[in-house]
Amino acid sequence: RVSASFAAVVEAPGDEGGQHIPSNLGAGIPIERAVLDSALRIVALDADGTLDAPLPDDLPADRDHWILLAPRESVLSPMFEHDWREAAAARPDVGIFYGDDFAADEDRGRDQLRLKPAFDLTLLAAQDYIGAPLIVRASVLAELGLDAGAGAAVLDDLLLRAHHAGISIERIPKVLLA
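Overview of the structure.

Rules used throughout
- Residues numbered from 1 in each chain as written.
- Predicted model: local features only at pLDDT ≥ 70, side-chain atom pairs only at ≥ 80, totals over all residues.
- Heavy atoms only, no water.
- Patch = residues over 30% accessible without salt bridge, like charges linked within 9 Å, V, L, I, M, F, W, Y side chains within 5 Å.
- Areas by Shrake-Rupley, 256 points an atom, 1.4 Å probe, with all protein chains shown as cover.
- Salt bridge = Lys/Arg side-chain N within 4 Å of Asp/Glu carboxyl O.
- Helix = DSSP H or I, 4+ residues; strand = E, 2+ residues; numbered from the N terminus.
- Buried < 20%, exposed > 50% of the residue type's maximum accessible area, 1.4 Å probe, protein only.
- Phe/Tyr/Trp six-rings, centres within 6.5 Å; stacked < 30°, edge-to-face > 60°.
- Arc of directions from axis to C-beta.
- Contact = heavy atoms within 4.5 Å.

1. Here we look at a nonpolar patch on the surface
Link 1 in the chain: A cluster of nonpolar residues, L113, L115 and V175, forms a patch on the protein surface that exposes about 240 Å² of accessible area.
Link 2 in the chain: Structurally, the position occupied by L115 is in the loop between strand 6 (113-114) and helix 4 (121-126).
Link 3 in the chain: Looking at L115, the relative accessible area reads 56%, which means it is exposed.

2. Thoughts on the packing of aromatic side chains
Link 1 in the chain: All told, the structure shown has two aromatic pairs when counted by the stated rule.
Link 2 in the chain: Ring geometry for W66 against W84: centres 6.3 Å apart, planes inclined by 80 degrees, an arrangement best described as edge-to-face. Here the residue W66 occupies a position in strand 3 (residues 66-71), and W84 occupies one in helix 2 (residues 80-90), the gap between them amounting to 18 residues. The pair W66 / W84 is uniform in exposure class, with both members buried.
Link 3 in the chain: Between W66 and F97, the ring centres sit 5.6 Å apart and the planes meet at 35 degrees, which makes this aromatic pair tilted.

3. Things to note about unusual backbone geometry
Link 1 in the chain: Between A132 and the following residue, P133, the backbone shows a cis peptide bond with an omega angle of 0 degrees.
Link 2 in the chain: Phi angles above zero are rare outside glycine, and E73 is one such case at about 70 degrees.
Link 3 in the chain: Looking at the element boundaries, E73 is found in the loop between strand 3 and strand 4 (75-76).

4. Digging into helix 2
Link 1 in the chain: Every buried residue of helix 2 is listed here: F80, D83, W84, A87 and A88. Here the buried residues of helix 2 occupy an arc of 125 degrees about the axis, which is enough to place them on one side. Exposed and facing more than 90 degrees away from the buried side of helix 2 are A89 and A90.
Link 2 in the chain: The elements touched by buried residues of helix 2 are strand 2 (40-45), strand 3, strand 4, strand 5 (94-102), strand 7 (134-137) and strand 8 (168-177).

Shown next, in the form of structure tokens:
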């Protein structure tokens with residue numbers, strides 16, 4: 001029976017990545033128009049993830065504030081702020097949160113909905129699976145900074161340096177960004 005089942009799988013036509021998931025991002029909040037709690041500031045990155053402008057001089061640097069790093073023209077989930085607050089309250093030890101995202105412009109369903117695993121340094125080194133958004137405690141960002149010289153790898157660079165510094169990195173298991 002196992003050999004027959006295996007043969008059926010091998011002989012079956014290949015899945016081309018699933019059906020396209022129609023999306024309605026109208027309920028989301030464009031990052032350029034987001035009005036968030038004063039404890040959360042936005043630093044918009046270029047579409048490819050590069051830091052193309054200097055960090056604002058007035059960014060907070062204390063433990064009670066957070067910085068959202070996300071590409072311009074992205075759309076925040078309607079529940080973004082709620083999901084972030086819930087995660088931050090449940091895990092006060094975490095210095096960087098990341099979440100799932102939805103790539104509305106991809107053709108195949110499996111490329112659209114990007115559900116990310118828990119943080120794993122070996123997996124991150126093998127496959128860049130985290131990406132935007134990152135929600136970084138302001139004190140962590142003040143300590144580590146962002147290296148614009150890292151180009152499109154600026155978020156990966158931050159994650160690797162944060163891990164090396166012993167900062168907790170945790171996934172929020174919700175779609176936070178499109």
